[in-house]
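As a plain string of letters, each chain reads:
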Amino acid sequence: MSKLQILTKGIIKENPSLILVLGMCPTLGVTTSAENGIGMGIATTFVLLLSNIMISLVKGVIPDKVRIPSFIVIIATFVSIVDLLVQGFVPALAESLGLFIPLIVVNCIVLGRAEAFASKNGIFDSMLDGLGMGLGFTLSLFIIGACREILGSGAIFGHKFITGDGILIFVLAPGAFFVLGFVMALVRHIQNRKKSSQLEKR
Amino acid sequence: MEYILMIIGCILVNNIVFSQFLGICPFLGVSGKTGTAAGMGAAVTFVMALATLVTSTVNKYVLLPLGLKFMQTIVFILIIAALVQMVEIILKKISPALYQALGIYLPLITTNCAVLGVAIQVTQKADFSILDSTIFATATAIGFLLAIVIFAGLREQLELNKVPNAMKGVPIALVTAGILAMAFMGFANLV
């Protein structure tokens, strides 16, 4: 696999939340607006990138049996760093993301990439993989956040373009499930069509 | 009376799955059959109550007096991971029958964000005693149990219906969960 492929596979082909169905909790929980989605995405990307680098550096030193606990401690350390940074520099974002920043520790994407990729590959490849997966996650959070913000409050990035209220249900809890369900179905539909057109060519 | 209100609030009004979006992974992953869903829910209830009891004790008597609040995330996740391992070993020895029933779900719980989420949530409520925290965690976990069992029942019915190709599996499950979340919104003014 070329370097570029490692970077781009996480963005579309193996998008963590829309295709691999990992990290559902933040995908549903923080996407009330496009801005929150991007903020959460960047925080997760940061943790993914650093933990992937760190784990691929120490992979030779850690005995196989205590692998998972060690990974969790490494990830938890970076999550604490991000948590404190966000609280210190962007308190408004910390307020709206709340509990979901410390919960990056138990986000299956981070541990999944550590186990499936960083513990087997070199440092540069792991870095690209972490970055790609993080960007893919950010992209899907942005799409879902934007859909919910446009439908729910008739605004994008906080700029209102309609008068009055939007369809309130999309900002509330049920809307998260609906939007994610339909976005996921759309992605699968496109994939299915691509597959069948490839088959026809043969 | 206070406790009854808190318990109803945790189970129905602020249901952990439908209004807080925690524990979605097991909620989607282990809800194929009502039986396995009930097993997962029971295991989560057990671990969540125990974990919150331990983490809130550690938080109150170790982390806060020493000014180590920034270590919270690391300490809590280690406690939960160790606790899950310990419960697994003890259960294997004491009650093989229960271990058979819950065993396969236990390792999955370490990465269940609901457990860590509740443990962190109760530390943010300043006036919570350790007893309050444990009751809060137990009630929240019962809310999870309720949600996952209802959802598994719905998914069993869903299997029998014709669904468009692209919607099969997770997407239609998410839409179903959305409708269920709307139903749970009806409890909003209960407490």
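Just above sits the structure.
Residues numbered from 1 in each chain as written. Chains lettered and ligands numbered in written order. Predicted model: local features only at pLDDT ≥ 70, side-chain atom pairs only at ≥ 80, totals over all residues. Heavy atoms only, no water.

Some remarks on the nonpolar core
The tendency in soluble globular proteins is for nonpolar side chains to be buried side by side.
Okay, so step 1: Counting residues in each nonpolar core, the largest one holds 110 residues, and the members touching the most others are F177 of chain A together with F18, I24, F27, L28 and L116 of chain B.
Okay, so step 2: Each residue touching L116 of chain B, except ones within four places of it in the same chain, is listed here: P102, L103, V105 and V106 of chain A together with F76, I77 and I80 of chain B. (Core = buried A, V, L, I, M, F, W, Y, C linked by side-chain atoms within 4.5 Å. Buried < 20%, exposed > 50% of the residue type's maximum accessible area, 1.4 Å probe, protein only. Contact = heavy atoms within 4.5 Å.)

Observations regarding unusual backbone geometry
Okay, so step 1: Even without glycine at this site, V21 of chain A takes up a positive phi of about 50°.
Okay, so step 2: Here V21 of chain A lies in the loop between α1 (3-9) and α2 (24-29).
Okay, so step 3: We note that F21 of chain B has phi near 55°; this positive angle belongs to a residue other than glycine.
Okay, so step 4: As for its position among the elements, F21 of chain B is in the loop between α1 (2-13) and α2 (24-29).
Okay, so step 5: For F21 of chain B, a relative accessible area of 6% gives the class buried. (Helix = DSSP H or I, 4+ residues; strand = E, 2+ residues; numbered from the N terminus.)

Some remarks on the interface of chain A and chain B
Okay, so step 1: Facing the 34 residues of chain A at the interface are 37 residues of chain B.
Okay, so step 2: By the criterion of area lost to chain B, the three top residues of chain A are L99, V106 and F177 of chain A, representing 22% of everything that side buries.
Okay, so step 3: Between chain A and chain B we count zero salt bridges in total.
Okay, so step 4: Our count for the chain A to chain B interface comes out at one residue pair in polar contact (both at pLDDT 80 or more).
Okay, so step 5: Broken down by secondary-structure element, the contributors of at least two residues to the side of chain A that touches chain B are α2, α4 (67-89), α6 (108-118) and α8 (173-201) of chain A. (Buried area = accessible area lost by both parts, 1.4 Å probe. Salt bridge = Lys/Arg side-chain N within 4 Å of Asp/Glu carboxyl O. Polar contact = N/O pair within 3.5 Å; in protein donor to acceptor, adjacent residues only side chain to side chain.)

Comments concerning the side chain of S133 of chain B
Residue and element names in this part refer to chain B.
Okay, so step 1: Looking at where S133 falls in the secondary structure, it is placed in helix α8 (residues 130-158).
Okay, so step 2: Here the side chain of S133 touches S129 through a polar contact of 2.9 Å, landing on its backbone oxygen.
Okay, so step 3: In contact with S133, not counting residues within four places along its chain, are T52, S56, V122 and F128.

Regarding the pattern of salt bridges
All names here are of chain A.
Okay, so step 1: Within this structure, the stated rule accounts for five salt bridges over all chains.
Okay, so step 2: Here R67 ties to D64 by a salt bridge, and the two come within 3.3 Å at their closest N and O atoms.
Okay, so step 3: Accessibility expressed as a relative area gives 22% for R67, which makes it partly exposed.
Okay, so step 4: Linking R67 and E115 is a salt bridge whose minimum nitrogen-to-oxygen distance equals 2.9 Å. Taken as a pair, R67 in helix α4 and E115 in helix α6 lie far apart in primary sequence, 48 residues in all.
Okay, so step 5: When its relative accessible area of 26% is taken as the criterion, E115 is described as partly exposed.
Okay, so step 6: Through salt bridges that share partners, K9, R113 and D129 make up one connected network.

Section: the packing of α1 of chain B against α8 of chain B
All names here are of chain B.
Okay, so step 1: For the pair α1 and α8, the least separation of the axes is 7 Å and the interaxial angle reads 35°. Handedness of the crossing formed by α1 with α8: right-handed. Where α1 abuts α8, its residues Y3, M6, I7, C10, I11 and L12 lie against L131, D132, I135, F136, A139, T140, I142, G143 and L146.
Okay, so step 2: Looking at side-chain class alone, the contact of α1 with α8 contains 12 nonpolar, two polar and one charged residues. (Axes fitted to C-alpha atoms, helices over the stretch in contact; angles between N-to-C directions. Left-handed = near helix turned anticlockwise from the far one by under 90°. Nonpolar A, V, L, I, M, F, W, Y, C, P; charged D, E, K, R; others polar.)

Honestly, it's all geometry; don't read function into it.
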